[in-house]
Amino acid sequence: MLTATARAEWMALQVFISAKQDNGRVVTHDLVDAVMRRDADKEQGKANKETVRRIIRKQAASEGVRVIFTDDERYWAIREQLHHMSGDEIHAMRDEITEGGYDDPRAWDKVLIDAISVHLSNRVPPNRLWGCTPVSIRLWREPRRPAVEEQPPPAEETAPPAPDAGPLFAALAAYEMAGHASLGSAPRDLADLARHLITLGKAVPEHHLAIVEAHDAVEDAWDALRKARSLTARNAAHDQARAAVEQARAVILAVAPHAHRMHGTDMPATADAIRAAALAYNAVDAMPEELSAVETGTPTVRVHCRSDSGTGWTVTARITAGVDSPVGHIPAHPPIVVKFRKREGREDAAENTRRMFGRLFRVSVPIAYVADRRP
């Protein structure tokens, strides 16, 4: 039987081989995930993914590959690619993204949108871009384009089947709570995380055993923190709490890999889907009157827009589907945060956001653009 380090080293070697043969000598998160899925039925495929990534990072220079794991690394790699494209090509891509609608994954790629916006802002390119050799693989997902566009027969309404909203949105809420618990390891936060895990377990019975183990670890850490009196005991309890939170995070991501960040493609698009998502997302923390309001309120998409306090040219838009009710707007998921440079300086942040992203929304509920005018 291989040790944990040997498994991780073997998997790192397989990733390097795949990068050199099939991925232009570039290692990304997607490549690591793909290689580990391919070998999941082998002993080596059970290596810890974070350990594999650390080994790859350490050995990348000697293997002659480029690692693009962080958003900053990806941003500059995209800037390098844009630097070698013509202005017409970049403008055409931006217009295509704008008109591509909800189905174009590039529209929800914040790193790509930021890189395009800065490149087209007529700023002087930094020295690091001059003479650079860009990576040969595309760092963004192109939209799928069917060879033949099929039209539904006249007088028939077509609608995609509504997916089960419970697991994803319960997982999003649980992952947020894990983030709170990791900051201070307070007993109350751990108790709330345990409640989220119970709710998540009801939504995904196929993961019941792993969720129960994570729940028990969190409860044990909560109990240890409450009982700790000496400095040594408190330090040990905090270490136990951190380990329990990481175990909970791993389980949550096993249930819903997108739970670490809300993706635009996961946003519910119909009234029924928004209600179901809101109930799952708020099941643990909401008051009874808020849960009742989800059933009776008005599903909407709210886009909260604010200009930066400096030049006023950068807009931050926070996009949230939810339910408007007498008790307030009840969100169905964490906000999707998008930053971009204004196209029209004479218009406010809300109008610029509507112009920039209005065509991307494919929802059957009202969309409210709200301008934050605070200084």
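Remember, predicted model here, so these are calculated numbers, not experimental data. Here the residue index of a chain counts from 1 through its sequence in written order. Residues qualify for local features only when their pLDDT is at least 70, as the model is predicted, and side-chain atom pairs are given and counted only at 80 or more; totals for whole chains, interfaces and linings, by contrast, use all residues. Note that the side-chain values use all heavy atoms of the structure and ignore hydrogens as well as water.

A. Spotlight on the pattern of salt bridges. Salt bridge, as used here: a side-chain nitrogen of Lys or Arg that lies within 4 Å of a carboxyl oxygen of Asp or Glu. A complete count under the given rule lists 19 salt bridges for this structure. We note a salt bridge from E43 to R7, for which the minimum N-O separation is 3.8 Å. Separated by 36 residues along the polypeptide, E43 in the loop between α2 (29-38) and α3 (49-63) and R7 in helix α1 (residues 4-22) bring together distant segments of the chain. One salt-bridge network, in which partners are shared between bridges, spans D33, K49, E50 and R53. By the criteria applied, helices consist of DSSP H or I runs no shorter than four residues and strands consist of E runs no shorter than two, each listed in order from the N terminus.

B. Quick peek at unusual backbone geometry. Positive phi, close to 60°, is recorded for R25, a residue that is not glycine. Relative to the assigned elements, R25 resides in the loop between α1 and β1 (26-28).

C. Inspection of the pairing of strand β3 (residues 298-307) at higher detail. One bridge is not enough; two strands pair if DSSP finds at least two bridges between them. Of the strand pairs in this sheet, β3 and strand β4 (residues 314-325) are connected by 10 bridges, and their pairing is antiparallel. Bridge pairing in β4 places S307 opposite V315. Strand direction decides the pairing type here: β3 and strand β7 (residues 367-371), joined by 5 bridges, are parallel. Bridge pairing in β7 links C305 to A371.

D. Representation of the packing of helix α8 (residues 187-203) against helix α10 (residues 231-255) within the structure. Every angle, taken between N-to-C directions, lies between 0 and 180 degrees, and every axis is a line fitted to C-alpha atoms, over only the stretch in contact when it is a helix. Two numbers describe how α8 lies on α10: the axes approach to 12 Å, and their chain directions differ by 25°. What the angle tells us is that α8 and α10 run roughly parallel. The element α8 and its partner α10 pack so that their crossing is left-handed. Contacts between α8 and α10 pair L190, L193, L197 and L200 from the former with A241, V245, A248, I252 and V255 from the latter. Side-chain classes follow a simple rule in which Ala, Val, Leu, Ile, Met, Phe, Trp, Tyr, Cys and Pro form the nonpolar group, Asp, Glu, Lys and Arg form the charged group, and the remainder, Gly included, forms the polar group. Across the contact of α8 with α10, the residue classes tally to 9 nonpolar, no polar and no charged. Orientation labels follow simple angle bins: below 35 degrees gives roughly parallel, above 145 gives roughly antiparallel, 65 to 115 gives roughly perpendicular, and whatever is left gives oblique. When the near helix sits turned anticlockwise from the far one by under a right angle, the crossing is termed left-handed; a clockwise turn instead gives a right-handed crossing. Here a residue-residue contact requires only that any non-hydrogen atoms of the pair lie within 4.5 Å.

E. Geometry of the pairing of β4. Two elements, β4 and strand β6 (residues 336-341), share 6 bridges in a ladder whose sense is antiparallel. Directly across from I319, in β6, lies its bridge partner I336. Across 4 bridges, the pairing between β4 and strand β5 (residues 328-331) is antiparallel. Across the sheet, the residue bridging to D324 is H329, located in β5. Taken together, β4 and the strand that follows it, β5, pair antiparallel across an intervening segment of 2 residues.

F. Local environment of the environment of R306. Within the secondary structure, R306 sits in strand β3. Categorising residues by exposure relies on relative accessible area from a 1.4 Å probe, with only protein chains included: less than 20% of the type maximum marks a residue as buried, more than 50% marks it as exposed, and the intermediate range marks it as partly exposed. On the accessibility criterion, R306 (30% relative accessible area) is partly exposed. Along the backbone, R306 and G322 are 16 residues apart, and their C-alpha atoms lie at a distance of 19 Å.

G. Spatial organisation of the packing of aromatic side chains. Pairing of aromatic rings covers Phe, Tyr and Trp, the last through its six-membered ring, and needs centres within 6.5 Å; plane angles under 30 degrees mean stacked, over 60 mean edge-to-face, and all others mean tilted. Overall, the coordinates contain 1 aromatic pair when judged by the stated rule. Relative to W76, the ring of Y75 has its centre 5.1 Å away and its plane inclined at 80°; by these criteria the two rings are edge-to-face. When sorted by exposure, Y75 lands in the same class as W76, which is buried. For a ring to carry a charge above it, either NZ of a lysine or CZ of an arginine must fall within 6 Å of the ring centroid while also lying within 35 degrees of the normal to the ring plane. A cation sits over an aromatic face here: R249 above Y175, 5.7 Å from the ring centre.

H. Quick peek at the nonpolar core. Throughout, nonpolar core names a set of buried Ala, Val, Leu, Ile, Met, Phe, Trp, Tyr and Cys residues whose side chains join them through atoms within 4.5 Å. L193, M267, V301, I319 and F361 are the most contacted members of the largest nonpolar core, which totals 88 residues. In contact with F361, other than residues within four places in its own chain, are W108, M267, V301, V303, I319, I367 and Y369.

I. Summary view of a negative patch on the surface. A surface patch of like charges, here negative, comprises E213, D216, E219 and D220. Tracing the backbone shows E219 in helix α9 (residues 208-227). Given the relative accessible area of 37%, E219 is considered partly exposed. Residues enter patches when they are more than 30% accessible in relative terms and free of salt bridges; like-charged ones are connected within 9 Å and nonpolar ones (Val, Leu, Ile, Met, Phe, Trp, Tyr) within 5 Å. Here the Shrake-Rupley method, with its probe set to 1.4 Å, supplies the accessible areas, and only the displayed protein chains count as covering residues. Charge assignment: positive for Lys and Arg, negative for Asp and Glu; neither His nor the chain ends contribute. Where a charge sits is defined by one atom per residue type, namely NZ (Lys), CZ (Arg), CG (Asp) or CD (Glu).

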